[in-house]
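The residues making up each chain are set out below.
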Amino acid sequence: MVATVLIVDDSKLARIVVGKAIAALQPDWRRLEAGGADEALALFENEAIDLVILDFNMPGRDGLELAEELRGRFADLPIAVATANVQDEIIARARAANAAFIAKPVSEEGLRGFISGAALRLRSAGR
Amino acid sequence: MTDTVDAAIRPENAGAAVDLDALRALAGPLFDALAGSGVAITVTDPRQHDDPIVFVNAAFEALTGYEAAEVMGRNCRFLQAEGVDPQAVAGLAGTLENAGSATVDLLNVRRDGTRFWNRLNVTTLKDAAGRPAFRFATQTDVSADYGDEDLGRELRSTRQRLAEAKERLRVAQTVAGAEGAWEWNIAQGRLVADARFAGLYGLDPIAAANGLPTSAFFDAVFAADRLRLKIAVAGALNGAEVFARDYRVLVDGELRWVSAKGRTYLDAQDRPVRFAGVLADITEQKRVEERLRIAQSAGGVGSFEYLSGFGTVEVSDTFCGLLGLQPATSLPVRTINAVVDPEDQPLIGGRESERLGPAFHEFRIQRADTGEARWLACRGEHQAAPSGGVSFIGVIYDVTATKRSEDRLRDLAAALEARVEVSNQERDRVWNLSRDLLSISGRDGAYRAVNPAWTALLGYEPVDLIGSVMGGLVHPDDREMAGELAAGLRTGEAVTDFDCRVLSKDGELHWINWTALPDGDFIYAVGRDITQRKLLEDQLRQSQKMEAVGQLTGGLAHDFNNMLTGMLGGMDMGRRRIAEGRIADAERFFEAATQSGQRAAALTHRLLAFSRRQSLDSRPLDVAALVASMEDLLRRTLGEQVRLETDVDADLWTAVADDNQLESAILNLAINARDAMPHGGRLTISARNVALSAARLAKSDRAEPGDYVEIGVADTGMGMSPDVLSKVFDPFFTTKPLGQGTGLGLSMIYGFVQQSRGHVEIESQEGAGAVIRLFLPRHRGEVADLVEETDDRAEGGAGETVLVVEDDPAVRLLVVQVLQELGYRAIETESGREAAPILQSARAIDLMITDVGLPGLNGRQLAEIARESRPDLPILFMTGYAEQAVDQSTFLAQGMEIITKPFAIDRFAKRISAILRRAEAEQA
Amino acid sequence: MSIQTIFLEELERDALTELVNIGVSRAASSLRKMVGEQVLLSVPSVEVVTRQGAATLIRERENGELVAVRQDFEGVFSGRALLIFPQANSMALVHAVTGGALSHGEAVDMEDEALAETGNVVLNSCLATMANMLQKPLQMSLPEVLRGDGASLFTLTDQHADGGVVLFLYINFAINDRDIRGYIAMLMDLPSLQALRSLIADFIERVAGDVG
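As the structure is a computational prediction, the values presented were derived from the model and not from experiment.

Draft legend 1. Focus on the overall build of chain A. Along chain A, the regular secondary structure elements total five helices and five strands. Secondary structure of chain A in N-to-C order comes out as β-α-β-α-β-α-β-α-β-α. Taken across its 127 residues, chain A has 44% of its residues classed as buried. Put simply, of all contacts in chain A between residues at least 6 apart along the chain, 63% involve residues at least 24 apart.

Draft legend 2. Summary view of the overall build of chain B. Tallying secondary structure elements over chain B gives 32 helices and 34 strands in all. Across the 924 residues that make up chain B, the buried fraction comes to 34%. A fraction of 55% describes how many contacts in chain B between residues 6 or more apart in sequence connect residues 24 or more apart.

Draft legend 3. Quick peek at the interface of chain A and chain C. Each partner contributes to the interface: chain A provides 18 residues, whereas chain C provides 23 residues. Listing elements by their share of the side of chain A that touches chain C, those giving two or more residues are α1 (12-25) and α4 (88-96) of chain A. If you tally residues by element for the side of chain A that touches chain C, the top one is α1(A), at five residues. Here the residues of the side of chain A that touches chain C sort into seven nonpolar, six polar and five charged.

Draft legend 4. A look at the interface of chain C and chain B. The interface is formed by 19 residues belonging to chain C together with 22 residues belonging to chain B. Elements that contribute at least two residues to the side of chain C that touches chain B include exactly α2 (10-35) and α8 (190-210) of chain C. It is α2(C) that provides the largest number of residues to the side of chain C that touches chain B, a total of ten residues. The class makeup of the residues in the side of chain C that touches chain B is twelve nonpolar, four polar and three charged.

Draft legend 5. Here's a closer look at the pairing of strand β5 (residues 132-141) of chain B. Pairing of strand β1 (residues 40-44) of chain B with β5(B) involves five bridges; the strand directions are antiparallel. Pairing of B:Val43 across the sheet is with B:Phe136, part of β5(B).

Draft legend 6. Focus on the sheet that holds strand β26 (residues 681-692) of chain B. Residues and elements named next belong to chain B. Strands sit in the order β24-β26-β27-β29-β28 across an open sheet of five strands; the sheet is mixed. Pairing within the sheet leaves two strands with one partner each, and these edge strands are β24 (642-648) and β28 (759-764). With strand direction ignored, the average angle separating the axes of adjacent strands in the sheet is 15 degrees. Sheet strands touched by helix α23 (residues 623-638): β24, β26 and β27 (706-715). Its angle to β24, the strand with the most contacts, is close to 175 degrees.

Draft legend 7. Main features of the sheet that holds strand β33 (residues 875-879) of chain B. All names here are of chain B. Strand order in the open sheet made by the five strands is β31-β30-β32-β33-β34, with parallel pairing throughout. The open sheet is flanked by β31 (825-829) and β34 (896-900), the only strands paired with a single partner. For this sheet, the mean inter-axis angle between neighbouring strands, taken without regard to orientation, is 20 degrees. With four bridges joining them, strand β32 (residues 847-851) and β33 adopt parallel strand pairing. When the sheet's bridge partners are listed, isoleucine 849 is paired in β33 with leucine 876. Together, β32, β33 and β34 form the strand contacts of helix α32 (residues 905-923), whose direction differs from that of β34 by roughly 175 degrees.

Draft legend 8. Molecular detail of the packing of helix α4 (residues 90-98) of chain C against helix α6 (residues 111-134) of chain C. Residue and element names in this part refer to chain C. In the contact formed by α4 and α6, the axes pass within 10 Å of each other and the chain directions differ by 70 degrees. The angle between the axes of α4 and α6 places the two elements in the roughly perpendicular class. The handedness of the crossing between α4 and α6 comes out as left-handed. Contact with α4, carried on its side by Ser90, Met91, Leu93, Val94, Val97 and Thr98, involves Glu111, Ala114, Leu115 and Thr118 of α6 and no other residues of that element.

Draft legend 9. The arrangement of the packing of α23(B) against helix α24 (residues 659-675) of chain B in detail. Residue and element names in this part refer to chain B. Contact geometry for α23 and α24: axes closest at 11 Å, N-to-C directions at 35 degrees. In the crossing of α23 with α24, the sense of the turn from one axis to the other is right-handed. Seen from α23, the contacting residues are Leu626, Met630, Leu634, Thr637 and Leu638; seen from α24, they are Asp659, Leu662, Glu663, Ile666, Ala670, Ile671 and Arg674. Of the residues in the contact of α23 with α24, the class split is eight nonpolar, one polar and three charged.

Draft legend 10. View of the UniProt feature "modified residue: 4-aspartylphosphate" (unreviewed entry) in chain A. Residue and element names in this part refer to chain A. Sequence positions flagged by UniProt for "modified residue: 4-aspartylphosphate" (unreviewed entry) are, in local numbering, Asp55. Mapped onto the elements, aspartate 55 comes out in strand β3 (residues 51-55). Judged by C-beta crowding, with 29 C-beta atoms within 10 Å, aspartate 55 ranks as buried. Beyond its immediate sequence surroundings of up to four residues, aspartate 55 is in contact with Val8, Asp9, Asp10, Ala14, Gly63, Ala82 and Thr83.

Draft legend 11. Structural context of helix α27 (residues 809-822) of chain B. The end-to-end C-alpha separation of α27(B) is 20 Å, in line with the 20 Å expected for 14 residues at 1.5 Å each. At the exit of α27(B) stands B:Gly823, carrying a positive phi of roughly 95 degrees.

Draft legend 12. Looking closely at unusual backbone geometry. Along the chain, A:Lys104 connects to A:Pro105 via a cis peptide bond; the corresponding omega equals 0 degrees. Assignment of secondary structure puts A:Pro105 in the loop between β5 (100-103) and α5 (108-124). Despite not being glycine, B:Asp252 has its phi angle at roughly 50 degrees, a positive value. Tracing the backbone through its elements, the reader meets B:Asp252 in the loop between β9 (242-251) and β10 (254-266).

Draft legend 13. Structural view of the environment of B:Leu621. Residues and elements named next belong to chain B. Tracing the backbone through its elements, the reader meets leucine 621 in strand β23 (residues 619-621). Taking C-alpha positions, leucine 621 is 5.6 Å from threonine 654, a pair spaced 33 residues apart along the chain. When neighbours within four sequence positions are excluded, leucine 621 is seen to be in contact with Leu626, Thr654, Ala655, Val656, Ala657, Asp659 and Leu662.

Draft legend 14. Expanded view of the nonpolar core. Counting 145 residues, the largest nonpolar core has A:Leu54, A:Ala80, C:Ile84, C:Leu127, C:Ile184 and C:Ala185 as the members making the most contacts within it. The biggest single contributor to this core is α6(C), with twelve residues. If we skip the residues at most four places from it in the chain, A:Leu54 touches A:Val8, A:Gly63, A:Leu66, A:Ala67, A:Ile79, A:Ala80, A:Val81 and A:Ala82. In terms of nonpolar packing, the next biggest core, distinct from the first, is built from 36 residues, B:Ala657, B:Ala687, B:Tyr750 and B:Leu774 among them.

Draft legend 15. View of the environment of C:Leu187. Here C:Leu187 shows up in strand β8 (residues 180-189). Spatially, the C-alpha atoms of C:Leu187 and C:Leu169 are 6.6 Å apart, while their sequence positions differ by 18 residues.

Draft legend 16. Seen up close, the confidence of the model for chain B. Residue and element names in this part refer to chain B. In this model, chain B carries an average pLDDT of 76, and 77% of its residues clear a pLDDT of 70 or more. Here helix α1 (residues 4-8) stands out as the least confident element of chain B, with mean pLDDT 38; strand β30 (residues 801-805) is the most confident, with 93. For the stretch residues 1-18, pLDDT sits under 50, and the model shows 24 contacts to residues farther than four places along the chain or on other chains. This model gives residues 783-792 a pLDDT under 50, and the stretch forms four contacts once residues within four places in sequence are excluded.

Draft legend 17. Just the environment of B:Ala223, in detail. For B:Ala223, the location among the structural elements is in helix α12 (residues 223-237). Here the alpha-carbon distance between B:Ala223 and B:Arg248, two residues 25 residues apart in the chain, equals 8.7 Å.

What counts, and at which threshold
- Every chain begins its residue count from 1, and numbering advances along the sequence as written.
- For this description, chains carry letters from A and ligands carry numbers from 1, given in the order in which they are written.
- In keeping with the model being predicted, local features are shown solely for residues with a pLDDT of at least 70 and side-chain atom pairs are shown and tallied solely at 80 or more, while totals for entire chains, interfaces and linings include all residues.
- Put simply, DSSP H or I for four residues or longer makes a helix, DSSP E for two residues or longer makes a strand, and each gets a number counted from the N terminus.
- Remark: C-beta atoms are placed from the backbone, and a residue is labelled buried if 20 or more other C-beta atoms sit within 10 Å of its own, exposed if 12 or fewer do, or partly exposed between those counts.
- By the convention adopted here, residues are in contact when the distance between their C-beta atoms, placed from the backbone, does not exceed 7 Å.
- Ten residue types, Ala, Val, Leu, Ile, Met, Phe, Trp, Tyr, Cys and Pro, are classed as nonpolar, four, Asp, Glu, Lys and Arg, as charged, and the remainder, Gly among them, as polar.
- Paired strands, in this sense, are two strands between which DSSP finds at least two bridges.
- Axes here mean lines fitted to C-alpha atoms, for a helix over just the part in contact, with angles spanning 0 to 180 degrees between N-to-C directions.
- Throughout this description, any angle smaller than 35 degrees is read as roughly parallel, any larger than 145 degrees as roughly antiparallel, any in the 65 to 115 degree range as roughly perpendicular, and the remainder as oblique.
- We call a crossing left-handed when the near helix sits turned anticlockwise from the far one by less than a right angle, and right-handed when that turn is clockwise.
- UniProt positions are given in the numbering used here, feature names are shortened, and annotations may be inferred rather than shown by experiment.
- Residue count minus one, scaled by 1.5 Å, sets the expected span of a helix.
- One nonpolar core equals one set of buried Ala, Val, Leu, Ile, Met, Phe, Trp, Tyr and Cys residues connected by C-beta atoms within 7 Å.
- Confidence scores per residue from the predictor, reported as pLDDT, run from 0 to 100.

Pasting the structure below:
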């Protein structure tokens with residue numbers, strides 16, 4: 001099963017790190033990248049995106065706002081917020097948007113739970 | 001798990017590889033199948049020494065955590081846990097020997113330290129000759145068979161963790177030497193500590209080794225340090241990696257310093273798991289450090305302020321610290337001088353101290369606390385105090401290091417002489433590494449060599465300096481002094497402790513403290529940068545002053561508030577009575593208000609005396625009469641609970657002292673005595689003649705052997721502890737709660753007696769009352785000198801004209817009112833500008849009364865103007881406080897007098913009539 | 001006597017030092033994961049100094065050009081956090097965090113970007129952990145890379161350019177086996193310091209109760 005994952009982060013380095021971790025866990029998955037919220041939303045118009053990993057601290061709309069908007073449109077979309085901002089408030093907001101929280105720096109280990117959970121959900125959704 | 005066989009069969013050496021081929025040959029294809037299965041397998045070679053392992057499979061690696069490479073060539077016994085049943089092991093060996101195969105359960109340890117029960121099935125494979133060639137063993141974790149119930153497993157696992165913790169502690173200890181070690185398991189909330197830790201904390205070592213609640217970490221900690229330690233531990237428990245704290249533990253009544261250093265270990269999710277560290281006893285180190293900290297830090301400068309005649313010196317904490325005394329704001333002169341080596345000049349009040357100007361001397365001390373010998377330097381200035389007398393303000397600092405560096409310098413000189421013969425590496429290191437400026441010059445003063453510190457501190461390269469003459473870098477202001485010293489050096493005089501400013505290459509000024517020594521053809525010099533210290537000296541003095549002001553204000557405010565309450569309340573009540581028409585009744589309230597006012601006046605008088613801004617009016621004094629006159633006042637002050645007794649010798653000598661001061665001293669002592677007898681008692685005031693010997697006056701600074709009048713104030717109160725007793729003469733020392741009394745009483749008395757060239761003794765025991773004896777010198781002149789102001793009543797005026805100059809409207813109103821009531825005519829002016837034209841006019845004026853501190857022209861200047869046109873005009877100055885007025889002989893010209901505010905109307909009236917009468921008599 | 005005793009009691013200093021210790025330890029752990037090497041920390045230093053004083057503190061230790069990643073934070077207390085290291089270490093750090101993922105050329109192109117992300121992760125870990133300990137949320141700005149000397153790094157905002165005193169927290173770190181060292185610093189002006197004091201008092205109260 002090939003899934004499409006969208007990585008949204010204003011930092012190219014962060015996108016590389018997350019991409020590498022996903023490649024190690026799911027080598028077959030297609031990876032898309034966006035440098036900000038607007039670019040991410042534009043990608044949703046043209047692409048079938050199965051799961052999203054968002055940075056929190058970005059210029060313009062932050063990752064939680066984007067997560068909340070996406071949740072409104074896609075009730076079942078697996079979303080993860082990746083940030084080093086490990087404040088209790090941020091984690092609580094991510095939970096409230098039904099998004100997973102991943103502490104930066106992102107490692108294979110840190111992503112594993114979210115990726116395998118998402119894979120399971122996608123499979124059971126019959127894709 | 002397809003590639004595990006290959007992964008594991010990676011023998012380390014060729015010999016082993018051969019063995020494996022032989023093994024395959026013996027065991028057939030079954031071997032590879034077994035090796036690839038999930039069963040843990042080892043193969044050993046009994047033909048080799050100690051039956052080493054020659055093969056393990058991946059399942060073995062998974063079971064034990066060891067990699068193949070780690071176990072190859074080792075005997076299997078390394079797997080056995082501590083305390084494995086030796087009989088089981090011996091049984092296995094025996095069975096193998098006989099039957100060639102055996103099954104046994106052994107307690108084994110994994111690589112990560114966890115234990116498991118290993119069921120071994122060992123089979124011996126024989127070669128063609130029938131000799132054992134390989135031992136083939138399967139291994140299975142059968143721990144579950146042994147853990148009959150969860151409880152047992154839990155117990156074992158706890159024991160196991162405990163053992164691990166102990167092991168880690170043991171390792172920590174070995175690494176750390178003679179230190180105690182602890183391990184705090186954060187999840188379980190248990191603290192395990194070794195015997196040394198337990199010893200330092202006063203814990204039972206067995207209980208500590210077996211684990212205690214974590215609160216044990218704080219139990220022995222000295223209360224004052226506990227919260228700080230808790231904060232630091234809270235940091236560690238929440239993930240702070242670095243933990244380092246010095247704190248005190250109180251064990252068996254003994255306070256010891258310990259130093260704890262630890263680390264928090266996190267799991268993969270960054271959660272803190274355990275907090276472990278080592279603890280060392282640093283009590284001795286702290287003691288030494290504390291001593292050295294004061295003496296060696298750049299800021300180790302103690303400041304002091306001394307007024308000649310006083311028995312005490314105002315000092316800073318560092319001052320006390322340098323002498324090894326407890327911190328205090330004030331110290332008795334004798335306490336300070338007692339620390340100084342008897343052969344050296346005393347710190348305070350040496351014979352040279354009468355000379356004005358800057359003073360410097362070095363002296364040795366024996367620290368009061370440790371007895372350690374140190375060299376101190378004292379630098380200060382003697383100045384004429386505004387009130388007469390001499391003030392000595394200065395600083396002391398430790399120069400032991402400098403003294404030692406002189407020695408070092410001498411050594412250096414000796415080493416340099418031997419330069420040709422021996423290249424002394426040690427000496428070069430001193431030369432190269434010293435932060436002090438070191439130099440060698442010829443007798444002509446020209447630099448021959450300078451050390452690298454010159455470059456580091458001042459920016460000069462040796463090439464900038466070599467050949468130039470010493471002193472060229474000195475700030476112009478200091479050059480004269482430096483030149484004199486340099487000339488001295490050329491003639492063989494050493495320079496010690498000379499401070500001057502030196503310009504660095506980039507133009508900055510550095511204060512350098514110099515020591516220089518001529519020796520043979522050379523001059524050796526050491527300079528230390530003391531710029532920082534110079535800055536601190538100023539800061540310290542300023543902050544110390546602020547401290548004293550703060551302390552004083554609290555007490556004074558209280559006293560003055562009480563007096564103001566008495567005055568305002570009394571006047572208010574008086575006014576009400578008058579409004580009610582009860583005039584007679586009003587009188588006593590006004591009387592009360594007046595008394596409060598007089599007490600306030602007396603307090604300012606005493607304060608001014610204390611600060612030496614008011615001179616003492618020492619004159620022959622009938623102590624017996626004074627005591628008798630005070631009896632009534634004292635009875636009222638003391639209340640009914642305290643019985644007053646007086647015991648005055650009939651033939652009491654006349655003393656020399658200021659009567660007001662003695663009166664207030666007796667009153668003060670009586671009040672102190674009353675406060676020491678809250679449940680009542682007896683107060684005895686005695687007076688008798690005594691002759692004091694030199695021995696008895698050994699501790700006195702001013703008194704000479706001879707005849708004295710002794711005034712004793714004895715109570716039957718609670719007495720004083722030796723601790724309190726040692727401090728009672730310190731200014732601001734008080735046992736009363738904050739804001740109740742200034743704490744100035746006894747120190748003022750002390751000051752007064754000292755100034756009167758008398759002596760004070762205090763004797764007390766806790767619970768057994770106290771007696772304070774004041775000794776005032778006997779008057780040697782004629783008793784006829786005792787002249788009282790003759791007439792009691794002021795004569796009324798006869799229309800004389802008085803010019804009044806006073807800027808305060810209330811005082812002016814009062815003065816004018818009094819004059820008019822007495823029958824004078826008053827001209828009212830509020831400034832010199834207003835008064836001057838009147839003085840220069842032709843109007844008849846019989847007397848001028850003027851305030852001293854006027855805006856614009858002051859009273860004294862106005863008097864000059866008056867005297868130009870009216871050389872005989874009597875002038876009466878009024879003053880609240882004027883420094884120049886204190887020395888009346890220079891301030892007052894002929895026909896001028898002074899009266900200090902506040903004054904009683906009666907006294908004022910008397911002065912006026914006396915002046916006018918005298919003027920009249922002179923003119924007649 | 002010194003300026004700092006005026007503003008912070010001994011206990012408050014202790015507590016603040018510990019908070020910084022906790023935050024920075026978390027930051028070091030993040031950095032450790034990014035570079036795959038041990039990160040060594042010093043004991044944190046907490047001082048109340050003038051801004052020039054803060055600059056001098058760093059300058060006395062580092063005389064070359066500095067690079068800093070700066071992140072401002074705002075909340076009950078506000079200020080600026082900085083990850084500072086010598087300019088000479090910059091590329092070594094970029095290589096360390098990008099690992100083998102980039103060629104040298106790519107790494108050079110990405111220098112500022114990589115520094116910003118590193119600073120973002122390190123400073124966010126630190127500040128967020130401190131905010132959690134104090135139980136008050138903080139908003140963090142986007143990271144910004146600065147180059148220059150100490151003085152330019154320590155100016156807070158224009159309205160505070162009065163040369164007044166700041167709370168200056170710093171800790172120095174070194175990365176094992178690589179010649180990389182630097183500082184994590186925090187600056188807070190006085191109004192923030194007052195707010196921080198009351199939070200610290202709460203923290204002390206919690207600690208006095210719950211440890212042991």
